[in-house]
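Okay, here's what each chain looks like letter by letter:
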Amino acid sequence: MKHGRIIKSISGFYDVIDNESEKLVRTRARGNFRKRGIKPIVGDMVAYDDSGDLGYILELLPRNNSLVRPPIANVDQAIVVTSAVEPKFSSNLLDKILVNIEHNDIEPLIYLTKTDMIDEDAYAKISEQLEGYYEADYVIFDDKDNYNPQQVQRLQEHFADKVTVFTGQSGAGKSTLLNHIDPELAIATAAISQTLNRGKHTTRQVSLFEISGGLVADTPGFSSLELIDIDKDELPTLFPEFVKYSSECQFRGCRHVNEPGCKVKEMVDSGKIMKSRYDNYLYFLNEINSYKKRY
């Protein structure tokens, strides 16, 4: 029995990279997987046998996490591509994406695009907002020159030994950023499809490609932006700057709303925690409470 990672799934076949030899093996899943309601997805670590003409996946190893869109497992980090304009910068949307990423135990990195399309005053305003994310210990790529080679190279330095996906609002520049990272990515995708002799597919499948010593998903996207899987007790733990100060709150399990002696609210008042982040937290809390009432 050998072990590896699924890097491509197409028409019931799974391409697995072996952990030791790094050999690419074409496999199918065992017949009882469907009976047991198990479906392998890209990123899954598997035990497989390749003694015949076609390999067979024998077992799915436990997942660290998994996403719905794109369907991928065991993700280490997500590049949150957010634009300064077209679409307009939105701290509410950015925070909702970050909360979803934190909920899935994935490390988020923020990449700001299209800053060359705004004037100095607008840029200064966004930069001031980003300071709050720096304070929350997020890694940020503030691309003042629009896909500056040094910034792209700095981003690639985070890829080694990790599985990376891209996310962000439609039109924010995810695909453009991917093309700057690896101009051959689209060509490589087409070549692999031809090698598999499967022709063109109307449903595009997520694939993992080796870039800078890591694996990068070629399909930009992320799971649903609803907060329905997050409960009100978990939400405060998904804001790193809240976690940083929550141990100093007067009450254990403080939700940082109406409780006295709340250190988080004190830090908001002092400017140590960005007010827009706190306001978005209250907004999300109300959204989660509305789900509970609805269901």
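> I would appreciate a short explanation of the pairing of strand 8 (residues 77–83) in the present structure.
Side-chain direction in a regular strand flips from residue to residue, so the side chains alternate between the two faces of the sheet. With 7 of its 7 residues buried, strand 8 lies for the most part within the structure. Neither face of strand 8 is exposed, since Q77, I79, V81 and S83 on one face and A78, V80 and T82 on the opposite face are all buried. Sheet analysis places strand 8 next to strand 11 (residues 163–167), joined by 4 bridges and oriented parallel. Counterpart to V80 in the pairing with strand 11 is T167.

> Help me understand the packing of aromatic side chains, please; the structure alone is not making it clear to me.
The description of an aromatic ring pair rests on the distance of the ring centres and on the angle between the ring planes. This structure, assessed with the given rule, holds 8 aromatic pairs. Summarising the aromatic geometry, the rings of F239 and Y281 are spaced 5.5 Å apart at their centres and angled 80° between planes, so their arrangement reads as edge-to-face. Here the residue F239 occupies a position in the loop between strand 13 (214–217) and helix 7 (240–246), and Y281 occupies one in helix 9 (residues 275–294), the gap between them amounting to 42 residues. With 6.3 Å between their ring centres and 55° between their planes, F242 and Y278 make a pair best called tilted. In this pair, F242 is assigned in helix 7 and Y278 in helix 9, connecting sequence segments 36 residues apart. Note on accessibility: F242 and Y278 belong to one class, buried. Taken together, the aromatic side chains of F239, F242, Y278 and Y281 make up a single cluster linked through ring pairs. Between R28 and the ring centre of F13, over which it is positioned, the NZ or CZ distance is 4.6 Å.

> What's the story with the sheet that holds strand 12 (residues 208–211) in this structure? I'm lost.
By definition, the strands of a sheet pair up through backbone hydrogen bonds, in either a parallel or an antiparallel sense. Pairing is mixed in the open sheet, where 6 strands are placed in the order 10-9-8-11-13-12. What marks the edges here is a single partner per strand, and that holds for strand 10 (139–142) and strand 12. Strand-to-strand twist in this sheet, taken as the mean axis angle between neighbours without regard to direction, amounts to 25°. With 7 bridges joining them, strand 8 and strand 9 (residues 107–113) adopt parallel strand pairing. If you follow V81 over to strand 9, its bridge partner there is Y111. Sheet strands touched by helix 2 (residues 91–103): strand 8, strand 9 and strand 11. Its angle to strand 9, the strand with the most contacts, is close to 155°. Helix 3 (residues 120–135) contacts strand 9 and strand 10 of the sheet and is inclined by roughly 165° relative to strand 10.

> Could you clarify how one ought to interpret helix 5 (residues 174–181) in this entry?
Residues three or four positions apart in an α-helix share a direction because the helix packs 3.6 residues into each turn. Those residues of helix 5 that fall on the buried side of the exposure criterion are K174, L177, L178 and I181. For helix 5, the angular spread of the buried residues around the axis is 100°, confining them to a single face.

> Even after reading the chapter, I still don't get the nonpolar core, so can you show me in this structure?
Side chains that are nonpolar tend, in soluble globular proteins, to be buried together. The biggest cluster of nonpolar side chains holds 39 residues, and the ones touching the most others in it are I72 and Y133. Not counting chain neighbours up to four residues away, the residues in contact with Y133 comprise S91, L94, D95, L98, I110, Y138, I140, M274 and R277. With 21 residues, the next largest nonpolar core counts V99, L238, M267 and I288 among its residues.

> Got a minute to help me understand the sheet that holds strand 2 (residues 13–18) in this structure?
Judged by pairing direction, the barrel is mixed, and its 5 strands sit side by side in the order 1-2-3-5-4 before closing back on the first. Averaged over neighbouring strand pairs, the angle between their axes works out to 55° when direction is ignored. Sheet analysis places strand 1 (residues 2–10) next to strand 4 (residues 45–49), joined by 4 bridges and oriented antiparallel. What sits directly across from R5, in strand 4, is M45.

Criteria and cut-off values
Residues numbered from 1 in each chain as written. Predicted model: local features only at pLDDT ≥ 70, side-chain atom pairs only at ≥ 80, totals over all residues. Heavy atoms only, no water. Buried < 20%, exposed > 50% of the residue type's maximum accessible area, 1.4 Å probe, protein only. Helix = DSSP H or I, 4+ residues; strand = E, 2+ residues; numbered from the N terminus. Pairing = 2+ DSSP bridges. Phe/Tyr/Trp six-rings, centres within 6.5 Å; stacked < 30°, edge-to-face > 60°. Lys NZ or Arg CZ within 6 Å of the ring centre and 35° of its normal. Axes fitted to C-alpha atoms, helices over the stretch in contact; angles between N-to-C directions. Contact = heavy atoms within 4.5 Å. Arc of directions from axis to C-beta. Core = buried A, V, L, I, M, F, W, Y, C linked by side-chain atoms within 4.5 Å.

Any functional reading would require information that these geometric values do not contain.
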